[in-house]
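Fold and contact review
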Amino acid sequence: MTGIRLLLIGLFSVLLSACPTKQVDNSPVSHFRRVPHKNLQISNRIDLESLDTYRPFSIKKDSHRYFVFDYARSNIFKIIDRSTLQVRQGVNYGNGPGELIYPTSFIKEKTGMTVYEINTMKRYLIMEDSDSALYIIDFQDIGVEAVSLPDFHGSYMAAKSWKGDSWIKYYKDGIEIDSYGFPDFPETRDMETSVLVDAYKSGQHRFKPDGTRLAVVIDNGCALAIYDCDEKGINERILLNYFPPIFVRTKSDYSPTAVSMKCRTGFVGLECTDSFVYTLYAGKIVGDDVNKAWHGSHVFVYDWDGNPVAHYELEKELFAFGVDEKEGLLYGIGYDPEGCILEYKF
């Protein structure tokens, strides 16, 4: 087993040495020092506690409405009208019919807003009944185990896995058709494959709206990769390595590593449009304030070749993040002083 593992690591090293990795400064702040920088003030604030939302976790804007996931025992989904502040809510926490244990981020489809449930390995469509109560119906059966925060485009899915030998995996109709190796940091080159998988499973990934490209980031450490996508697989276009994750070994078979208190956080939010890749950056040492280490106030904008385009600095930090490019709006969930939706015009 050890010989096979060493052979795999050696193969990964060869593959990574051929990747178009771009040498960049050790933080996006330095990398973006020559692009336009703008400080943004809050343009609108929606208090969530007044709308019976006490533990907001994720958010997605759809036209004039916000979809919010609230860590609660009941009514975990809220739809909030931006103008009237009318709230529609529904769906309970649990494993019974019509309930969910751990839904991931909202994904907008032509038929409406969907969520992926880790336990059932299914996607669900959020519906509204005649009394404006929310419920869910089956949308897509994925059937792929142990994947982290998957993103979808039609029959294609991109996800990080909790097992295997790669950083990002690419699926069609639930079948893995391609994968890619890990970011190449000297500090992690000699780590066993199982440890690398665990260390690099943090962060998000988003398809370009037309499905032709994919952006992938980590939030423990900092790196951004952009891939070209087609029916045959994915090909790395650019890999921007800023700084590596720092982690410690554990005695757990389920999770062989844990984030070190010395680790610096990277991209804690990611949104992609036809033209740009938007990243929310934290850049904090975990041990300085564990509760706020994954909150960010810097938004770095890249084109789809990985070139810096713009740098926005937000008045208040966000820990969930989105973009409405047509409206020129950055938005997300922050504290001011309690949980609220914050909007920024850019």
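Scroll up to find the structure this text is about.
Read on for a plain summary of the structure. (Residues numbered from 1 in each chain as written. Predicted model: local features only at pLDDT ≥ 70, side-chain atom pairs only at ≥ 80, totals over all residues. Heavy atoms only, no water.)

**Some remarks on the pattern of salt bridges**
Applicable threshold: Think of a salt bridge as a Lys or Arg side-chain nitrogen and an Asp or Glu carboxyl oxygen that are within 4 Å of each other. For every residue, the accessible area obtained with a 1.4 Å probe (protein chains only) is divided by the maximum for its type, and the residue is called buried under 20%, exposed over 50%, and partly exposed between those limits.
Going through the model one piece at a time under the given rule, you end up with 23 salt bridges. Here K201 ties to D198 by a salt bridge, and the two come within 2.9 Å at their closest N and O atoms. D198 gets classed as buried once you look at its relative accessible area, which sits at 8%. Across the pair D228 and R237 runs a salt bridge, and its minimum N-O distance is 3.0 Å. One connected set of salt bridges, linked through shared partners, spans K61, R82, D324, E327, E343 and K345.

**Description of the sheet that holds strand β28 (residues 339–345)**
This is how the line gets drawn: In short, DSSP must find at least two bridges between two strands for them to pair. Helix and strand assignments come from DSSP, with helices taken as H or I runs of at least 4 residues and strands as E runs of at least 2, each series counted from the N terminus. A fitted line through C-alpha atoms serves as each axis, taken over the contacting stretch for helices, and the angle formed by two N-to-C directions is quoted from 0 to 180°.
Strand order in the open sheet formed by four strands is β3-β28-β27-β26, with antiparallel pairing between adjacent strands. This sheet does not close on itself; its edge strands, each paired only once, are β3 (44–47) and β26 (320–324). Within the sheet, the average angular offset between the axes of one strand and its neighbour, ignoring direction, is 20°.

**Looking at unusual backbone geometry**
Geometrically, the link from D336 to P337 is a cis peptide bond, its omega value of -5° lying close to zero. Mapping P337 onto the fold places it in the loop between β27 (329–335) and β28. Notably, M121 is not glycine yet its phi reads approximately 60°, a positive angle. Among the structural elements, M121 can be located in the loop between β9 (112–117) and β10 (122–128). Located in the positive-phi region is L149, a residue other than glycine, with phi close to 45°. Following the sequence through the fold, L149 ends up in strand β12 (residues 147–153). Residue L149 is classed as partly exposed on the basis of its relative accessible area of 27%.

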